[in-house]
Amino acid sequence: MGASHSHRNKHCHSHQSPINICTKKARHDPILKPLNIQYDSKTSKRIVNMGHCFNVEFDDTADMSVINDGPLTGKYRLRQFHFHWGSTDADGSEHVIDGKVYPAELHIVHWNSHRYPTFEEAAKHPDGLAVIGVLLKIGEKNPVLQTIIDNLGQVKTKGKEHMLIKYELSSMLPKDLNYWTYPGSLTTEPYFECVTWIVLQHAIPISSAQLTQFRGLLCTAENEKPVPILENHRRVQRLHDRVVRSSCT
Ligand SMILES: NS(=O)(=O)c1ccc2c(c1)[C@H]1CCC[C@H]1[C@@H](c1ccc(O)cc1Cl)N2
Ligand SMILES: [Zn+2]
């Protein structure tokens, strides 16, 4: 590869996400701290159909719902969470673990309010965002997820939004917060290389019936011919010169 090409590569597209995480090659780094998660349910605002997915948005005008420690320096403010899924239960996650694809993945998006004035500004810097990735596996019905699913009927078409009061996001997380971490990007447009990825090592359950309800969402507006959001996950990207670290041995 020519110097100019690798030079260009170095600055533009060598830190893309998602990736396949080879757990045997992930290095335990003793300086990694346990993840500290402080979510205040009063900050939950609304659920919005974005067209390619739905976002659950939070009030991020103050450091009320934040994460810190883990691989991070300073506080990162909770902005929103969303999911990625596939057209069948055999596909759907973005991160892949030792070649194993999961049926869906939760992304909890935070931004570095410690260093940047706004989310949009933070999204332009490598240490701007921190996204917690949680893999979903088919299992028993998930009551915490059901609260979200019960609201999907109100945001069936693109652009629709509905209020979501006092959502306890922390109750959706596994007890075991061990994670893999690596420097990466947004997995949809604008693909900015601004994300410290924190992928939890423990998957959470979702029933097949619950996952089917995600696929019932429409990417079309109310007055258009209905087209369901059957899948919205990106394929894995090359690791290049990156190292994936693990919070535990
Ligand atoms: N799959 S993911 O977690 O890697 C992912 C990928 C792309 C984007 C997002 C999340 C989210 C994060 C919050 C805003 C939104 C979006 C964006 C919108 C408006 C903006 O001004 C900037 C951004 Cl980044 N883009
Ligand atoms: Zn995502």
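Keep in mind the model is a prediction, meaning the values are calculated, not measured.

(A) Layout of the overall build of the protein. Summing up its helical and strand segments, the protein has four helices and 15 strands in all. Here the C-alpha atoms of the protein give a radius of gyration of 18 Å, agreeing with the 18 Å that 2.2 N^0.38 yields for 249 residues. By its C-alpha atoms, the protein is 50 × 40 × 35 Å across when sized along the principal axes. The 249 residues of the protein split such that 51% are buried. Considering only contacts within the protein whose residues lie at least 6 apart along the sequence, 72% involve residues at least 24 apart. Only carbon and sulfur atoms are counted for the fraction: they give 54% of the accessible area of the protein, which is about 12000 Å².

(B) Just the environment of K124, in detail. Within the secondary structure layout, K124 lies in the loop between helix 2 (119-122) and strand 10 (129-138). Note on K124: relative accessible area 57%, which makes it exposed.

(C) How the structure looks around the site of ligand 1. Inspection of the region around ligand 1 gives 13 residues, with H82, H84, L186, T187 and T188 positioned closest. In the environment of ligand 1, a nitrogen atom lies 3.2 Å from a nitrogen or oxygen atom belonging to the side chain of H82. T187 places a polar side-chain atom, nitrogen or oxygen, 2.8 Å from a nitrogen atom of ligand 1. A molecule is said to occupy a pocket when more than half its atoms come within 2 Å of that pocket's grid points, and by this definition ligand 1 occupies the largest pocket. Broken down by secondary-structure element, the contributors of at least two residues to the shell around ligand 1 are strand 7 (76-85), strand 9 (104-111) and helix 2. Tallying contributions element by element places strand 7 first for the shell around ligand 1, with three residues. Among the residues making up the shell around ligand 1, the classes are represented as five nonpolar, six polar and two charged.

(D) Representation of the side chain of N49 in the model. Summarising the element assignment, N49 is placed in strand 4 (residues 44-49). With a relative accessible area of 2%, N49 lands in the buried category. Within the structure, N49 has its side chain in polar contact with the backbone oxygen of L218 (distance 3.0 Å). Apart from residues lying up to four places away in sequence, N49 is in contact with F54, V155, K156, T157, K158, G159, K160, L217, L218 and I229.

(E) Here's a closer look at the layout of surface pockets. Size it by volume and the largest pocket reaches roughly 520 Å³. As for the largest pocket, its lining consists of 27 residues, of which N55, Q80, H82, V109 and F119 are closest to the centre. Taken together, the elements giving at least two residues each to the lining of the largest pocket come down to strand 4, strand 5 (54-58), strand 7, strand 9 and strand 10. With four residues, the top contributor of residues to the lining of the largest pocket is strand 7.

(F) A look at the coordination of the zinc ion (ligand 2). Around the zinc ion (ligand 2), the protein contributes the donor atoms H82 (NE2), H84 (NE2) and H107 (ND1), at 1.9 to 2.0 Å from the metal centre. Taken together, the four donor atoms coordinating the zinc ion (ligand 2) span angles of 97 to 115° at the metal, a pattern that classifies the geometry as tetrahedral. Counting along the primary sequence, the residues that act as donors to the zinc ion (ligand 2) give the motif H-x1-H-x22-H. Residue H84 is classed as buried on the basis of its relative accessible area of 3%.

(G) Focus on the pairing of strand 3 (residues 35-38). Alternating residues of strand 3 divide into L35 and I37, all buried, and N36 and Q38, none buried. In terms of strand pairing, strand 3 meets strand 6 (residues 66-69) through four bridges, oriented antiparallel. By the bridge assignment, L35 is partnered in strand 6 with D69.

(H) Spatial organisation of unusual backbone geometry. Residue S17 is joined to P18 through a cis peptide bond whose omega torsion reads 0°. Positionally, P18 belongs in the loop between helix 1 (3-12) and strand 1 (20-21). In this model, E189 is joined to P190 through a cis peptide bond whose omega is 10°. Of note in this structure, D98 is not a glycine but carries a positive phi near 50°. Overall, D98 belongs to the partly exposed group, its relative accessible area being 43%. With phi around 55°, Y191 is a residue other than glycine that occupies positive phi space. Within the secondary structure, Y191 is located in the loop between strand 12 (179-184) and strand 13 (195-200).

What counts and what doesn't
- Residues numbered from 1 in each chain as written.
- Chains lettered and ligands numbered in written order.
- Predicted model: local features only at pLDDT ≥ 70, side-chain atom pairs only at ≥ 80, totals over all residues.
- Heavy atoms only, no water.
- Helix = DSSP H or I, 4+ residues; strand = E, 2+ residues; numbered from the N terminus.
- Rg over C-alpha atoms; globule rule 2.2 N^0.38 Å.
- Buried < 20%, exposed > 50% of the residue type's maximum accessible area, 1.4 Å probe, protein only.
- Contact = heavy atoms within 4.5 Å.
- Areas by Shrake-Rupley, 256 points an atom, 1.4 Å probe, with all protein chains shown as cover.
- Near = heavy atom within 4 Å.
- Polar contact = N/O pair within 3.5 Å; in protein donor to acceptor, adjacent residues only side chain to side chain.
- 1 Å grid on protein atoms, 1.4 Å probe; cavity = no way out; pocket = protein on both sides within 12 Å on 5 of 7 lines; lining within 4 Å.
- Sits in = over half its atoms within 2 Å of the grid points.
- Nonpolar A, V, L, I, M, F, W, Y, C, P; charged D, E, K, R; others polar.
- Points joined across faces, edges and corners; volume = space filled by probe spheres on them.
- Donors = N, O, S within 2.8 Å, 3.2 Å for Na, K, Ca; no water.
- Tetrahedral: all angles 85-135°; square planar, octahedral: opposite > 155°, others 65-115°.
- Pairing = 2+ DSSP bridges.

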